[in-house]
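Now for the letters of each chain:
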Amino acid sequence: MATGVRRVEHRPTRASNVTPHTLLDPGADVVLGSSVDDMGVEATSEELCVLTVHAHPDDEASKGAPTLAAYHETGVRTVLVCCTGGEEGDLQNPRLREPGQPFHGLTPEQERDVMARVRPGELAESARIIGFDEVVMLGYRDSGMLDSPANDDPTSFHRADLDEAVGRLVTVIRRTRPQVLITYNDDQRGYPHPDHVKVHEISVLAFERAGDPTWYPWAGPVFQPSKLYYTVWSKARMLLVHETMLARTGSSPFDEKWLARPSHDERITTRLHVGKYLWARTGALRAHATQVDPTEPWWFGLSDDELAEVYPYEDWILARSTVGGPADDDVETDLFAGIADVLELPVESPGRLVDPSQAAAS
Ligand SMILES: [Zn+2]
């Protein structure tokens, strides 16, 4: 951590051109889950809130949708921060170029225009399905894949001043006051998209600075989130889906490149049994009609019921905590563990995927 003096020197002024704006606020009545009182856990005066930071519209569908749906249903306020508009996304659903479909006969430039117009609507629908109470657009441009020309666009997220971008996120955190903050893993070797790397960078700094009054004094009353989590797709899940699809259909969408991706399973601290919320992932992915081919086995090779049978968990890495965490041989089954008892998910403890001491020894 830098000294106070240095921080003051680096403190940016308020962004004058763009401020975060809310895309969608259905204004749903949100109440605390009754389990908080029932369990005898001290209810805080703060409303419970979880905030998840994503890079592009559709990331919220593929990473953590069932978990967020479960919290929404329990009455926890759910906030999505989307850092870019996904302007560089290609059309991933060739069916939309067929006669009568919105991309029929368009030039690449026209496709890009139509895409920019429809993606906010896709995001709003995805967020409605998952149950986000609020969606905040951080206001940056999609930087495109690594080494693409869009990386050089001065309005891209990738090029954004780090302190200024963190300030935008801190503004949202101080207003929405989430006890739990979710972001991407520190290791993006598997998918090194510049925007995903930047999501991680600004989230870690925002977690540190939101409660620090010397940072962004214009950004509202300070608030310190209690826990910071990283999303992770466990290798165990991928292998089980891979084997199940081979057995049932004779083929699997996971090729050698996927199977060779580095595993983070030994770092997983938190495993939520969300088998009855997998509809949130499927429905939200389908809402992103330009980005997700509805016949793609990579996304939809197993039905929700089949997946719930094979692997009903979403896995998380607890990266920072002001309220402690699980022992090395234990897992949390609730992101709010140590704050409040919120989820009434199946109680059997799934246990660690990999014993960290074994992983260190091997
Ligand atoms: Zn993305």
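Just so we're clear, the structure is a prediction, and the values are computed from it rather than from any experiment.

About the thresholds
Residues numbered from 1 in each chain as written. Predicted model: local features only at pLDDT ≥ 70, side-chain atom pairs only at ≥ 80, totals over all residues. Helix = DSSP H or I, 4+ residues; strand = E, 2+ residues; numbered from the N terminus. Buried ≥ 20, exposed ≤ 12 C-beta atoms within 10 Å, placed from the backbone. Contact = placed C-beta atoms within 7 Å. Pairing = 2+ DSSP bridges. Axes fitted to C-alpha atoms, helices over the stretch in contact; angles between N-to-C directions. Parallel < 35°, antiparallel > 145°, perpendicular 65-115°, else oblique. Left-handed = near helix turned anticlockwise from the far one by under 90°. Nonpolar A, V, L, I, M, F, W, Y, C, P; charged D, E, K, R; others polar. Expected span 1.5 Å × (residues − 1). Bend = angle between axes of the 7 residues up to and from the residue.

Peer 1: Residues and numbers for the environment of G275, please.
Peer 2: Considering the arrangement of structural elements, one finds G275 in the loop between strand 7 (270-273) and helix 10 (278-287). The exposure class of G275 is partly exposed, given the 19 C-beta atoms found within 10 Å. For the pair G275 and D305, spaced 30 residues apart in sequence, the C-alpha to C-alpha distance is 8.0 Å. Non-local contacts of G275, meaning those with residues more than four positions away in its chain, are made with A308 and P312.

Peer 1: Give a detailed account of unusual backbone geometry, specifying residues and quantitative values.
Peer 2: A negative phi angle is the norm for most residues apart from glycine, just as the trans form is the norm for most peptide bonds. In this model, D58 sits at a positive phi of 110 degrees, which is unusual for a non-glycine residue. Tracing the chain through its elements places D58 in the loop between strand 2 (49-54) and helix 3 (59-62). The backbone of Y216 sits at a positive phi, close to 50 degrees, despite the residue not being glycine. The residue Y216 is located in the loop between helix 7 (194-209) and strand 6 (227-232) in this model.

Peer 1: Could you give an account of the pairing of strand 4 (residues 134-140), naming the residues involved and the relevant values?
Peer 2: The side chains of a regular strand alternate, residue by residue, between the two faces of the sheet. Judged by how many residues are buried, strand 4 sits mostly within the fold: seven of seven residues are covered. Where strand 3 (residues 77-84) lies against strand 4, five bridges are found, and the strand directions are parallel. Among the inter-strand pairings, L80 is bridged to a residue of strand 4, identified as V135.

Peer 1: Could you give me a rundown of helix 10, with the residues and numbers involved?
Peer 2: Residues of helix 10 that are buried: L278, A280, R281, A284, L285 and A287. If you follow the buried residues of helix 10, they end up packed against helix 3, helix 4 (65-74), helix 5 (108-130), helix 11 (297-300) and helix 12 (304-310).

Peer 1: Go over the packing of helix 5 against helix 10, please, and point to the residues and values.
Peer 2: Axes are the key here: two packed helices are described by the angle between their axes and the distance separating the axes. Helix 10 packs onto helix 5 with a crossing angle of 170 degrees between their chain directions and a minimal axis gap of 8 Å. The angle between helix 5 and helix 10 places the two elements in the roughly antiparallel class. The two elements helix 5 and helix 10 meet at a crossing, and its hand is right-handed. Contact with helix 5, carried on its side by E122, E125, S126, I129 and I130, involves A280, G283, A284 and A287 of helix 10 and no other residues of that element.

Peer 1: Help me get a handle on the packing of helix 6 (residues 162-176) against helix 7, residues and values and all.
Peer 2: Running from amino to carboxyl end, helix 6 crosses helix 7 at an angle of 60 degrees, the nearest separation of the two axes being 9 Å. Taken as axis vectors, helix 6 and helix 7 run oblique relative to one another. Relative to helix 7, the crossing made by helix 6 is right-handed. In contact with L162, A165, V166, L169, V170 and I173 of helix 6, helix 7 contributes E201, I202, S203, L205, A206 and R209. Considered class by class, the residues forming the contact of helix 6 with helix 7 number nine nonpolar, one polar and two charged.

Peer 1: Requested: an account of helix 5, with residues and values cited.
Peer 2: The end-to-end C-alpha separation of helix 5 is 31 Å, in line with the 33 Å expected for 23 residues at 1.5 Å each. When the local axis directions of helix 5 are compared, the greatest deviation, roughly 30 degrees, occurs at V118, which is followed within four positions by the proline P120. Those residues of helix 5 that fall on the buried side of the exposure criterion are M115, R119, E122, L123, S126, A127, I129 and I130. Just beyond helix 5, the residue with positive phi is G131, at close to 105 degrees.

Any functional reading would require information beyond the geometric quantities listed.
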